[in-house]
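# Residue-level structure breakdown
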Amino acid sequence: MNDRAYALFEEQQKNRGIDLGKVREKLKALRIETPSWGYGDSGTRFKVFRKVGVPRNPFEKFDDAAVVHRLTGACPSVAIHIPWDKVDDYDKLKAHAEALGLSIGAVNPNLFQEDDYMFGSVTNSNAAVRRKATDHLLECVDIMKATGSKYLSLWFADGTNYPGQADIRKRKNWMYEALAETYKAMEPDMKMLIEYKFFEPAFYHTDLADWGMAYNMALKLGEQAQVLVDTGHHAQGTNVEHIVAYLLDEQRLGGFHFNSRKYADDDLIVGAIHPYELFLIFYQILEASADANPGVRRNADEIAYMIDQSHNIEPKIPAMIRSVLNVQTQYAKALLINLDEVHAAQEAQDVMAAEDAVRSAFEIDVTPLLVSIREELGLPADPMKAYRESGYAERIASRGVGGASW
């Protein structure tokens with residue numbers, strides 16, 4: 001680390017009224033969950049390109065995730081997807097994770113890849129299919145209990161392609177029935193994260209199409225149900241930061257699936273397309289973490305940050321590392337916003353001063369800060385370079401081509 005560079009950075013932030021001690025503590029505490037499916041072959045509807053060295057089973061997915069955590073120091077948990085990560089012995093998988101310094105994070109049910117779900121899963125007009133789908137949700141709660149997971153992360157592909165294809169109001173009620181039964185099976189320290197998506201794979205209507213529908217469902221279910229915001233699941237031009245602020249104020253923001261998009265649900269590397277949006281999301285969260293309302297503060301501090309990506313052309317581990325580094329960078333920049341300066345400008349109704357107080361933090365180069373913290377924690381100053389030089393990619397090449405898709 002260039003001590004002179006950090007000393008200059010420290011002096012500049014002191015002059016801006018920033019307490020770097022608090023900033024450093026928050027950065028060191030940031031935790032980002034990586035997804036098991038991000039380490040396997042996955043991609044678009046058109047083609048999945050098979051890569052050399054991808055994991056052949058859930059255990060190898062955790063092996064790869066451990067490399068990301070070892071290099072970044074920020075990713076101690078791994079989300080699993082069922083049945084993609086189904087195993088005969090979850091105690092064994094849990095022990096494998098713990099031996100690597102990891103834990104099993106959110107459990108994600110899969111209700112979109114079976115023929116029975118062509119016309120919906122929990123909203124299917126066929127009661128037998130609805131029962132099958134609900135039983136799978138209950139199976140995932142049992143897996144949570146076996147693995148120590150605290151989050152049930154729910155996304156439904158359910159919807160229709162044409163007007164008149166199905167009864168939208170009946171489907172709404174079937175959705176609630178399934179989630180209510182699942183909610184009742186959860187333990188008191190578990191959370192149900194309800195994700196939404198405005199289109200795809202359904203093109204006329206999606207049963208949980210936006211944050212309002214997810215929020216309404218969470219309210220009806222109870223306090224353990226919260227909304228999950230996927231940054232790629234909105235219509236173009238949607239103000240995601242506004243949604244985040246609203247949910248925070250209602251104390252119902254459960255977590256994020258971070259990714260990036262240019263057009264729709266593109267599942268690109270986090271922060272690759274709209275880094276300013278990611279920065280502004282963190283700005284709203286940090287505002288809430290300083291709120292006078294203890295409930296709002298608690299919600300802001302308990303958000304589950306998770307990555308959800310499908311690396312189609314990228315090498316898996318470097319893509320995951322890049323996403324984590326991009327999240328850390330935008331979080332660091334948001335921590336450098338002088339909130340007192342913003343509030344003063346807001347009170348004075350000084351539009352330009354308020355905008356500048358936010359934007360100026362985004363324009364700061366936080367490299368000296370991040371490098372300093374990594375060195376303090378015994379991490380490589382440049383995790384991407386450290387991975388390239390580690391030889392791990394060459395060692396896992398012996399796995400061959402193909403591995404475990406999704």
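These lines cover the structure that appears in this document, whether it is placed above or below. (Residues numbered from 1 in each chain as written. Predicted model: local features only at pLDDT ≥ 70, side-chain atom pairs only at ≥ 80, totals over all residues. Heavy atoms only, no water.)

The helix and strand inventory of the protein stands at 16 helices and ten strands. Each principal axis of the C-alpha distribution contributes one length, and for the protein these read about 65 × 55 × 40 Å. Across the 406 residues of the protein, 55% fall into the buried class. A fraction of 79% describes how many contacts in the protein between residues 6 or more apart in sequence connect residues 24 or more apart. With an accessible surface of roughly 18000 Å², the protein has 51% of that area assigned to carbon and sulfur atoms. Put simply, the protein has 45 plus and 59 minus side-chain charges, and the middle of one group is 3 Å from the middle of the other. (Helix = DSSP H or I, 4+ residues; strand = E, 2+ residues; numbered from the N terminus. Buried < 20%, exposed > 50% of the residue type's maximum accessible area, 1.4 Å probe, protein only. Contact = heavy atoms within 4.5 Å. Areas by Shrake-Rupley, 256 points an atom, 1.4 Å probe, with all protein chains shown as cover. Lys, Arg positive; Asp, Glu negative; His and termini not counted. Charge placed at Lys NZ, Arg CZ, Asp CG, Glu CD.)

Below, the discussion takes up the pairing of strand S2 (residues 77–82). Among the six residues of S2, six are classified as buried, and the element is accordingly described as predominantly covered. Handedness of the strand S1 (residues 34–35)-helix H3 (residues 58–72)-S2 crossover: right-handed. Where S2 meets strand S3 (residues 103–109), five bridges bridge the pair, whose relative direction is parallel. Looking across to S3, one finds that Ile-82 is bridged to Pro-109. Crossover handedness for the path S2 to helix H4 (residues 90–99) to S3: right-handed. (Right-handed = clockwise from strand over helix to strand, strands pointing away. Pairing = 2+ DSSP bridges.)

Attention now moves to the nonpolar core. Counting 108 residues, the largest nonpolar core has Leu-179, Met-192, Ile-194, Phe-256 and Ile-285 as the members making the most contacts within it. When sequence neighbours within four positions are dropped, the list of residues in contact with Leu-179 reads Leu-137, Leu-154, Phe-156, Met-192, Ile-194, Met-217 and Leu-221. With nine residues, the next largest nonpolar core counts Trp-84, Tyr-151, Leu-193 and Leu-228 among its residues. (Core = buried A, V, L, I, M, F, W, Y, C linked by side-chain atoms within 4.5 Å.)

What follows concerns helix H6 (residues 168–185). With 18 residues, H6 should reach 26 Å at 1.5 Å per residue; the first-to-last C-alpha distance of 26 Å fits that figure. Arg-171, Trp-174, Met-175, Ala-178, Leu-179, Thr-182 and Tyr-183 are the residues of H6 that are buried. Put simply, Asp-167 is the residue that caps the front of H6, since its side-chain oxygen is 3.1 Å from the backbone nitrogen of Arg-169. (Expected span 1.5 Å × (residues − 1). Polar contact = N/O pair within 3.5 Å; in protein donor to acceptor, adjacent residues only side chain to side chain.)

Below, the discussion takes up the layout of surface pockets. Estimated volume of the largest pocket: approximately 1400 Å³. At the level of secondary structure, the elements contributing two or more residues to the lining of the largest pocket comprise S3, strand S4 (151–154) and strand S5 (159–160). Split by residue class, the lining of the largest pocket holds 20 nonpolar, 16 polar and 13 charged. (1 Å grid on protein atoms, 1.4 Å probe; cavity = no way out; pocket = protein on both sides within 12 Å on 5 of 7 lines; lining within 4 Å. Points joined across faces, edges and corners; volume = space filled by probe spheres on them. Nonpolar A, V, L, I, M, F, W, Y, C, P; charged D, E, K, R; others polar.)

Before going further, it helps to examine the pattern of salt bridges. Within the structure shown, the criterion is met by 21 salt bridges. Residue Arg-399 is joined to Asp-64 by a salt bridge in which the shortest nitrogen-to-oxygen separation is 2.9 Å. A residue pair is termed long-range when its members are at least 10 positions apart, and Arg-399 in the segment after helix H16 (392–395) and Asp-64 in helix H3 qualify at 335 residues. Residue Arg-399 shares its accessibility class with Asp-64, and that shared class is buried. The salt bridge partner of Arg-131 is Asp-135, with a shortest N-O separation of 2.8 Å. Here Arg-131 and its partner Asp-135 are both found in helix H5 (residues 127–147), four residues apart, which amounts to about one turn of the helix. Looking at Arg-131, the relative accessible area reads 36%, which means it is partly exposed. (Salt bridge = Lys/Arg side-chain N within 4 Å of Asp/Glu carboxyl O.)

Structurally, the position occupied by Lys-316 is in helix H11 (residues 316–335). Among the polar contacts listed, one links the side chain of Lys-316 to the backbone oxygen of His-311, at a separation of 2.5 Å. Residues within four places of Lys-316 in sequence aside, it is in contact with Gly-38, Tyr-39, Gly-40, Asp-41, Ser-42, Lys-51, Val-54 and His-311.

Turning next to the packing of helix H9 (residues 275–289) against helix H10 (residues 294–301). Here H9 crosses H10 at 135 degrees, and the two axes come no closer than 7 Å. Here H9 is positioned oblique relative to H10, judged by the angle of their axes. The hand of the H9/H10 crossing is left-handed. Contact with H9, carried on its side by Ile-285, Ala-288 and Ser-289, involves Val-296, Arg-297, Ala-300 and Asp-301 of H10 and no other residues of that element. The class makeup of the residues in the contact of H9 with H10 is four nonpolar, one polar and two charged. (Axes fitted to C-alpha atoms, helices over the stretch in contact; angles between N-to-C directions. Parallel < 35°, antiparallel > 145°, perpendicular 65-115°, else oblique. Left-handed = near helix turned anticlockwise from the far one by under 90°.)

The next point concerns the packing of aromatic side chains. Applying the stated criterion to the full structure yields 18 aromatic pairs. Grouping aromatic residues by their ring pairs yields a cluster made of Phe-256, Phe-258, Phe-282, Tyr-305 and Tyr-331. Residue placement shows Lys-92 over the ring face of Phe-59; its charged tip is 5.8 Å from the ring centre. For the cation-ring pair, Lys-333 lies above Phe-362, with the distance from its terminal atom to the ring centre recorded as 5.0 Å. (Phe/Tyr/Trp six-rings, centres within 6.5 Å; stacked < 30°, edge-to-face > 60°. Lys NZ or Arg CZ within 6 Å of the ring centre and 35° of its normal.)

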